[in-house]
Each structure stands twice: as structure tokens, then as C-alpha cells.
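Each chain, written out:
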Amino acid sequence: EKLGSSAVARLRRDGIIPAVVYSEGKEARSVSLSSRAYSHVVSGSAPTQLYKLKSSDSELDGKMALIKEVQHEPLKDRVLHLDFLSVSAGHRITLTIPIVLTGEAASVKLGEMILNQTLYELEIECLPTEIPDSVVVDISGLREGVTIHARDIALPPGVELKSDEGQTVVGLIAKAEEEVAAPVAAAAAAPTAEGAAAATPGAAAPAAEKGAAEKGAGEKGKDKK
């Protein structure tokens, strides 16, 4: 109940992870769970994993929830805080799932093309019990000029796409296009004629010295006359 920073630090020292359960239309509830329970049940699970809460609080006990966010300590990678999102079995929810590529395009295998993936997650809507771990995209038949968009990905029954249908997921780039940029960059980096002379002042010195020597010789000739 309304924990301060000192109380939260004490919980963490005792192996307890503070957390919050968010529910639609209800006030967020502060809870805690043991770090051991987290390691055995939660750690390493897919981000779309659905959990059933066990609590002495009757309003939370038996509720289904997703983990909305995990806060880690940067150096030790210890879990500092968890956010749970409570969901109802018959209520559709919106969430993101990872995109997994499978197969290998022939032109990429031959080294002629470069694979260019621009979208790594897909936003979907479905029932909590129908959440897929990920969506798989087969790129083995991908060829130059062909691009896979969000609308091209096959989703399981009951799962609706919420991402922009026209978003590009993956395509191919010709290696030649990558190599063209190198000479252009080199030309842009080359100094101008004025810059080159300024960069190598020693090159002008011999000419200046020669001019001075010739002038000196002329003066000497005048003195003789």
C-alpha cells in the first residue's frame, strides 16, 4: 500500500520484486512477487505469454494478465519492477508480436543481394487465449523487385492486423547499389585545388625561393653596372 522508495529498496533486498497490475477501467494495484517465482515462471518466456495471478486479494486472484513492461538494473540485469496488464477472457486486446523470418533467398545466398528487414513487430488484435507467440514469414522465394508488406503476412484465425497494411516488412537490395555510394563519398571527401595547396604549403615554398633567388640575381647585376 503506497510504498515509498525506502520500502521498495527493502523489498528488493529481501528478494521481492515490486509490481503494478493495470486493469481497464480500474485503479492500478501495487503488488509484489518473489524473484524466485519470477525466475521459475516468467524469465525467458515469450513476451506474449499469458499468466494467471495467484493472490490473497480476491480481486486479483485468478485474473489473467500479460507482462506489459519489465525494468532491469543496467549493470547487474536484475529485475527492478514489473507492470502487469489484466485481461478478460472474452475481451479482445491489442498488442505487438515479433516477426520471425525463415528460409533464405537464393540471391542472398549467392551474395548478389542484401536482405533488408524494416519491420520487426506486428500489431494485432485478438482474444487473450488466441495470442500467437510470433508470426513467421518465409523469405525463401523472395526475389529482386518483390517486397513483403504487413498485409501479406498470414495470421491465425481470430487474429486481426492492426498495423498499417502498407508497411514494408522485408525486401532485397542489390549489392551494386551499396557499392555506388563509395566513389561518390570519396569524391566528396577529396580537397579542392585551393584546399590542396593550403594543405601542402611546402609545395609552394620551392617556387617562392626560386623567385627570390632570381630577383636577387637581378639586383646583383644592377650593382655591377
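Everything below is about the structure shown above.
Residues numbered from 1 in each chain as written. Predicted model: local features only at pLDDT ≥ 70, side-chain atom pairs only at ≥ 80, totals over all residues. Heavy atoms only, no water.

**A word on the side chain of Gln117**
Assignment of secondary structure puts Gln117 in strand S7 (residues 113-117). A distance of 3.0 Å separates a polar side-chain atom of Gln117 from the backbone oxygen of Leu119. With sequence-adjacent residues up to four places away left out, Gln117 is seen in contact with Ile99, Leu101, Val169 and Val170. (Helix = DSSP H or I, 4+ residues; strand = E, 2+ residues; numbered from the N terminus. Polar contact = N/O pair within 3.5 Å; in protein donor to acceptor, adjacent residues only side chain to side chain. Contact = heavy atoms within 4.5 Å.)

**As for the sheet that holds strand S10 (residues 148-149)**
In spatial order, the strands read S7-S12-S10; together these 3 strands make up an open sheet with antiparallel pairing. Bordering the open sheet on either side are S7 and S10, each of which pairs with just one other strand. Sheet analysis places S7 next to strand S12 (residues 168-174), joined by 5 bridges and oriented antiparallel. Directly across from Met113, in S12, lies its bridge partner Ala174. (Pairing = 2+ DSSP bridges.)

**Focus on the side chain of Glu125**
Residue position: Glu125 is located in strand S8 (residues 121-126). Here the side chain of Glu125 touches Arg92 through a polar contact of 3.0 Å, side chain to side chain. Excluding residues that lie within four positions of it along the chain, Glu125 makes contacts with Arg92, Ile93, Thr94, Gly158, Val159, Glu160 and Lys162.

**As for the packing of aromatic side chains**
Throughout the structure, instances matching the rule amount to 0 aromatic pairs. The positively charged end of Lys68 is found above the aromatic ring belonging to Tyr22, 5.2 Å away from the centroid. (Phe/Tyr/Trp six-rings, centres within 6.5 Å; stacked < 30°, edge-to-face > 60°. Lys NZ or Arg CZ within 6 Å of the ring centre and 35° of its normal.)

**Some thoughts on the environment of Glu125**
Its relative accessible area of 18% is what places Glu125 among the buried residues. Residues Glu125 and Leu161, 36 residues apart in the sequence, show an inter-C-alpha distance of 6.5 Å. (Buried < 20%, exposed > 50% of the residue type's maximum accessible area, 1.4 Å probe, protein only.)

**Structural notes on the pairing of strand S4 (residues 64-72)**
Bridge count between strand S3 (residues 50-52) and S4: 3 bridges; the pairing is antiparallel. The partner of Leu50 across the bridge, within S4, is Leu66. Across 8 bridges, the pairing between S4 and strand S5 (residues 79-87) is antiparallel. If you follow Ile67 over to S5, its bridge partner there is Phe84. What sits between S4 and S5 in their antiparallel hairpin is a turn of 6 residues, with Asp77 showing a positive phi close to 60 degrees.

**Notes on the pattern of salt bridges**
Counted under the stated rule, the structure contains 6 salt bridges. Across the salt bridge formed by Glu125 and Arg92, the nearest N and O atoms sit 3.0 Å from each other. Placement of the pair is Glu125 in strand S8 and Arg92 in the loop between S5 and strand S6 (93-102), with a sequence separation of 33 residues. The shortest N-O distance in the salt bridge between Arg92 and Glu160 comes to 3.9 Å. (Salt bridge = Lys/Arg side-chain N within 4 Å of Asp/Glu carboxyl O.)

**Description of the nonpolar core**
Ranked by internal contacts, the top residues of the largest apolar core, which has 26 residues, are Leu95, Ile99, Leu122, Leu142, Ile148, Ile153 and Val169. Grouped together as the second largest cluster of nonpolar side chains are 14 residues, Leu33, Val42, Tyr51 and Ile67 included. (Core = buried A, V, L, I, M, F, W, Y, C linked by side-chain atoms within 4.5 Å.)

**Considering the sheet that holds strand S9 (residues 135-138)**
Each strand in a sheet pairs with another by means of backbone hydrogen bonds, the pair being arranged parallel or else antiparallel. As summarised here, the arrangement of the 4 strands in space is S9-S6-S8-S11, forming an open sheet in which the pairing is mixed. Strands at the two margins of the open sheet, each flanked by one partner only, are S9 and strand S11 (160-161).

**Side note on the environment of Lys54**
As for its placement among the helices and strands, Lys54 is situated in the loop between S3 and S4. Accessibility expressed as a relative area gives 80% for Lys54, which makes it exposed. Taking the C-alpha atoms as reference points, Lys54 and Met64, separated by 10 residues in sequence, lie 9.7 Å from one another.

**Overview of the pairing of S9**
On a regular strand, one side chain projects to one face of the sheet and the next to the other, so that they alternate. Of the two faces of S9, only the one carrying Val135 and Val137 is buried; Val136 and Asp138 on the other face are not. Where S6 meets S9, 4 bridges bridge the pair, whose relative direction is parallel. Paired with Leu101 across the strands is Val137, a residue of S9.

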